[in-house]
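For reference, the chains in residue letters:
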Amino acid sequence: MNYMLGAPLVEISNLSKSFPGVKALDNISVNFFPGEVHVLLGENGAGKSTLIKVLSGVYQRDSGNIKLNGRDVDFSNTKQAISSGISVIHQELSLVPDLTIAENIFLGREIKRGKLPLLNKEEMYRRTSDLLSQYEIKLNARSIVKDLNTAQRQMVEIVKAVSWNASLVIMDEPTSSLSNKEIRFLFETINKLKANNVGIVYISHKLNEIMEIGDKITVLRDGSLVKTLNAKDCTEEQLISLMVGREVKQYFHKEVDEKSEETVLSVRNLTRRSKFKNISFEVREGEIFGIAGLMGSGRTEVLRAIFGIDKIDSGSIELYGEDMIPSPRRSINQRIGFVPEDRRLQGLLLDKSINDNISLPVIKRYIKGIFVDRALEKATSKEYFQKLGIRAPSIDTMCETLSGGNQQKVILARWLAANCKILLLDEPTRGIDVNAKSEIYNLMNEFKKNGGSIVMVSSELPEILGVADRIAVMREGVITGILERSEASEEKIMMLASTNSNKEGAL
């Protein structure tokens, strides 16, 4: 890679892009330099995704200029961008699970044996091994991708990106599914990319990691560029203010509530082989009960089992003192709602409208004889559309067009419209912006004030400490401790999450 000293790798000037009724980018100008981590920061819908899609050839710009190494470029597809040295690592990883690491790295550009239509797999394995060694990634090029954990797959995506001789790598929420240890390794890999003069465009909502890994930060709001500044010269409070256009004074909205002693949900010795063992806890009326732990500790699997998605091998669940045999249909009938970790794959029908998604679990409510009372269905959806402040033209808007925060609000609206009294929330604010997070926390507090109860899984310790009344900590499939709000701290949670404190031991 040959760069002029001090010259930008990518120069974006006066870039604009519109969709019907929406100006997604308005006259954006920003430069990305080699060997530098440049953070794009903003609320969902601020224009970050549109900017990287224009830069990577997914969308074509309406006006403005893009220069790569001093030359004007206008990519009409992603292949042109990749061959020019611009690679994107998306939040939803794009690897083929049943192929080896090497086969994924060379997918679509396989190495052949001379002119014969035969693959030279040994050469692909050799080159992949060299790339893995270069970045000190201890993986076997012959390993099948489905056998890798999330962090390892993330590393393979990075190797795949640089294997194209990428000069600019765009990372979209790269740590959203990583543990603290895995994030450290990712940051080490990013620093190696910087040392090789690769430019990084980094998108994340996690302000603490942005301050650590970023060199420059560009804040976008409503499709416009607010400010570009050096990471070392700004504070988290300043960034939040720039993002939302005002100061967000109270973020988690922690409140002291009158405690109810009524138990609404009781879990006793719940066990699912190889996933979790002897899980026991109680959830009280008007309580947010948090579940913390490192990735792979079994948090998500416990929520899925309570809702009835995954079968249990032993143990029991009581709802208001009565035995409950878990299944999704019974849970819905018993007014239990579930917000899954992956809202796009598991939580929403993306090709359906907001109305269709809100009414989905209780559509029978609107059936009159052989007809569906569409007027009543839409009136209910509109009521919760307005209550939750979902930002969209109407309830007929397709969910795939919504920002992450608004998609999450649609899922919450679904369960509120179903009159749920218990919500099971798995990573409820993952991948959404600061303002949307604050709104979700408000909704959670309003729900518990009205007598509802919440079981919430979160990987973000400040979040779970900020909103939960009590916190169960899991390690390798067992609960190692349950902490009251008054005694909980990041240090105590990490000690319980990483040290086996349970007499029965981990799985």
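Residues numbered from 1 in each chain as written. Predicted model: local features only at pLDDT ≥ 70, side-chain atom pairs only at ≥ 80, totals over all residues. Heavy atoms only, no water.

> When you look at the overall build of the protein in this model, what are you seeing that I'm missing?
Of the regular secondary structure elements, the protein holds 17 helices and 22 strands. A compact globule built from 507 residues should have a C-alpha radius of gyration of about 23 Å, and the protein, at 24 Å, falls within 12% of that. Across the protein, every contact between residues at least 6 apart in sequence was considered, and the portion connecting residues at least 24 apart equals 66%. Of the accessible surface of the protein, which amounts to about 23300 Å², a share of 47% is contributed by carbon and sulfur atoms. (Helix = DSSP H or I, 4+ residues; strand = E, 2+ residues; numbered from the N terminus. Rg over C-alpha atoms; globule rule 2.2 N^0.38 Å. Contact = heavy atoms within 4.5 Å. Areas by Shrake-Rupley, 256 points an atom, 1.4 Å probe, with all protein chains shown as cover.)

> Teacher, can you tell me more about the packing of helix α5 (residues 150-162) against helix α6 (residues 180-195) here?
Between α5 and α6, the least distance of the axes is 10 Å, while the angle of their chain directions is 10°. Taken as axis vectors, α5 and α6 run roughly parallel relative to one another. Here A151, Q154, M155, I158 and V162 of α5 lie close against α6, whose contacting residues are E182, F185, L186, T189 and L193. Tallied by class, the residues present in the contact of α5 with α6 amount to seven nonpolar, two polar and one charged. (Axes fitted to C-alpha atoms, helices over the stretch in contact; angles between N-to-C directions. Parallel < 35°, antiparallel > 145°, perpendicular 65-115°, else oblique. Nonpolar A, V, L, I, M, F, W, Y, C, P; charged D, E, K, R; others polar.)

> Please clarify how helix α15 (residues 434-449) should be interpreted in this entry.
An α-helical turn contains 3.6 residues, so any two residues separated by three or four positions project in the same direction. Between its first and last C-alpha, α15 extends 23 Å over 16 residues, near the 22 Å set by a 1.5 Å rise per residue. Looking only at α15, the buried set comprises V434, N435, A436, K437, S438, I440, Y441, M444, N445, F447 and K448. In the stretch just after α15, G451 is the one whose phi turns positive, near 95°. (Expected span 1.5 Å × (residues − 1). Buried < 20%, exposed > 50% of the residue type's maximum accessible area, 1.4 Å probe, protein only.)

> Help me understand the sheet that holds strand β9 (residues 216-221) in this model?
Either a parallel or an antiparallel arrangement is found when strands of a sheet pair, and the pairing is made through backbone hydrogen bonds. Overall, mixed pairing links the six strands, which are arranged β6-β7-β8-β3-β9-β10 in an open sheet. Looking at which strands have only one partner, the edges of the open sheet turn out to be β6 (86-89) and β10 (224-230). Each strand axis lies, on average, 20° off the axis of its neighbour in the sheet, ignoring direction. Bridging between β6 and strand β7 (residues 168-172) involves four bridges; their strand directions are parallel. Following the sheet pairing, V88 is matched in β7 by I170. Docked against the sheet, helix α1 (residues 48-55) engages β3 (37-41), β6, β7, β8 (199-203) and β9, running at close to 130° with respect to β3. Strands β6 and β7 of the sheet are contacted by α5, whose axis makes an angle of about 170° with β6. (Pairing = 2+ DSSP bridges.)

> Help me out: how do you make sense of the packing of aromatic side chains in this one?
Aromatic ring pairs are reported here in terms of the distance separating the ring centres and the angle at which the planes meet. One pass over the full model with this rule turns up four aromatic pairs. Note on F19 and Y59: the rings are 5.1 Å apart at their centroids and 70° apart in plane angle, and the pair reads as edge-to-face. One end of the pair, F19, is in strand β1 (residues 10-19); the other, Y59, is in the loop between α1 and β4 (63-68), with 40 residues separating them in the sequence. On the accessibility criterion, F19 (30% relative accessible area) is partly exposed. (Phe/Tyr/Trp six-rings, centres within 6.5 Å; stacked < 30°, edge-to-face > 60°.)

> Mind showing me how you'd approach the environment of L139 here?
Examined against the element boundaries, L139 turns out to sit in the loop between α4 (121-134) and α5. For L139, a relative accessible area of 17% translates into the label buried. Considering only alpha carbons, one finds L139 and E157, 18 residues apart in sequence, at a separation of 13 Å. Residue contacts for L139: discarding those within four places in its chain leaves I101, L132, L148, Q152 and V156.

> Mind showing me how you'd approach the pattern of salt bridges here?
Oppositely charged side chains can form a pair if their charged atoms are brought close together. Summed over all chains, the structure comprises 24 salt bridges. Residues R374 and E377 are paired through a salt bridge, measuring 2.8 Å at the closest nitrogen-oxygen approach. In this pair, R374 and E377 are both assigned in helix α13 (residues 374-387), three residues apart and thus about one turn of the helix distant. On the basis of relative accessible area, R374 is assigned to the partly exposed category, the value being 45%. When its relative accessible area of 1% is taken as the criterion, E377 is described as buried. Salt bridges linked by common partners bring E123, R126, R127 and D130 together as one network. (Salt bridge = Lys/Arg side-chain N within 4 Å of Asp/Glu carboxyl O.)

> Can you help me understand the confidence of the model for the protein in this one?
Low-pLDDT stretches of the model should not have their predicted coordinates read in fine detail. Mean pLDDT over the protein stands at 87; residues scoring 70 or higher make up 93%. A low-confidence stretch, residues 1-5 (pLDDT under 50), is modelled with eleven contacts involving residues beyond four sequence positions or located in other chains. (pLDDT = per-residue confidence, 0-100.)

> Help me out: how do you make sense of the pairing of β8 in this one?
Two faces belong to every sheet, and in a regular strand the side chains alternate between them. Burial analysis of β8 places five of its five residues in the buried class, which makes it a mostly covered element. Here β8 shows two buried faces, one formed by G199, V201 and I203 and the other by I200 and Y202. One ladder, built from four bridges, connects β3 with β8; its direction is parallel. Bridged to V37 within β8 is I200. In the sheet, β7 pairs with β8 via five bridges, with the strands oriented parallel. Directly across from L168, in β8, lies its bridge partner G199.

> Before we go on, may I ask you to explain the nonpolar core in this structure?
One broad rule of soluble globular proteins: the nonpolar side chains tend to lie buried together. Of all hydrophobic cores here, the largest spans 75 residues; its most connected members are L265 and F281. A total of six residues in this core trace back to one element, the largest contributor, which is helix α14 (residues 404-417). Those residues in contact with F281 that lie beyond four places of it in its chain are L265, S266, V267, R268, F289, I291, V302, I306, I479 and I482. One finds F106, L131, A231 and L242 within the second-largest nonpolar core, a separate group that totals 52 residues. (Core = buried A, V, L, I, M, F, W, Y, C linked by side-chain atoms within 4.5 Å.)

> Hey, could you run me through the sheet that holds strand β5 (residues 71-72) in this one?
An order of β2-β1-β4-β5 is seen for the four strands of this open sheet, with the pairing classed as antiparallel. The open sheet has two edge strands with one neighbour each: β2 (22-32) and β5. Pairing between β4 and β5: two bridges, direction antiparallel. Opposite L68, over in β5, you have R71 as the bridge partner. Contacts between α1 and the sheet are confined to β1, β2 and β4, with β1 contributing the most and set at about 115° to the helix.

> I'm lost on the environment of R273 in this one. Help?
You can see R273 is positioned in the loop between β11 (263-272) and β12 (276-284). In sequence terms R273 and E484 are 211 residues apart; their C-alpha atoms lie 29 Å from each other.

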